[in-house]
Amino acid sequence: MTFAQLGLVRAERLTATERAMLHTAVARAQGRLGDIQATFRAIGEADEAFADADPTNDVPWMAYYDHAQHHGDTGHALYELAIHDVHVEEATGRLATAVDEHPDAYIRSRSFSGFKLAALTMRTGEPHQATKIAEKTVQDAAGVRSDRLRRTALEITSPATRHQRHDDVAAMLTSLRKVGTEA
């Protein structure tokens, strides 16, 4: 968070996309800290900056930060609040947008958002829908080797345990164990 805030000290020198990305980094940190107001303030600033984004003004390394990435990153920030029943619908909507819009070139990003969406959907008591999301994401993540992706995939385990009597949930939990280990 400190480095993102430091980057925003001279925000007038940044493109709108760069400002959006940095505000999103602050939002994600604030979400982890559980600071609802600061998280929403940072997301609002990120949304405002992103609304002014013009990819023709961006340096090539910022090309990844598109509509899907913005919604994924802000959805991840909101996920930290949503697991405590704060603004669940907004988190779900942003994560779903990221999953729907991330192209195959960004399969790892789509997978992170997919697993977060599945875990959140499981927490809201929709085990069959969560299972569908998770299974599709497991397929997407096949071949991606990442310990961080594996940890994210396993976030669904805790909320799924109360539903594991359902065959589809039990099968999904088994398939999650392979995520991130095969390349």
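Refer to the structure above for everything that follows.
Residues numbered from 1 in each chain as written. Predicted model: local features only at pLDDT ≥ 70, side-chain atom pairs only at ≥ 80, totals over all residues. Heavy atoms only, no water.

Comments concerning helix H6 (residues 107–123)
Across its 17 residues, H6 extends 24 Å between first and last C-alpha, which sits within 8% of the 24 Å expected from 1.5 Å per residue. Across the 17 residues of H6, 14 count as buried, placing the element largely inside the fold. (Helix = DSSP H or I, 4+ residues; strand = E, 2+ residues; numbered from the N terminus. Expected span 1.5 Å × (residues − 1). Buried < 20%, exposed > 50% of the residue type's maximum accessible area, 1.4 Å probe, protein only.)

Focus: the pattern of salt bridges
Tallied over the entire structure, the rule returns 9 salt bridges. Between arginine 32 and glutamate 80 there is a salt bridge whose closest N-O contact spans 3.3 Å. Taken as a pair, arginine 32 in helix H2 (residues 16–33) and glutamate 80 in helix H4 (residues 67–82) lie far apart in primary sequence, 48 residues in all. The shortest N-O distance in the salt bridge between arginine 110 and aspartate 104 comes to 2.8 Å. For arginine 110, a relative accessible area of 9% translates into the label buried. Overall, the relative accessible area of 59% leaves aspartate 104 in the exposed class. Beyond isolated ion pairs, a larger network of salt bridges with shared partners links Arg32, Glu80, Lys116 and Glu155. (Salt bridge = Lys/Arg side-chain N within 4 Å of Asp/Glu carboxyl O.)

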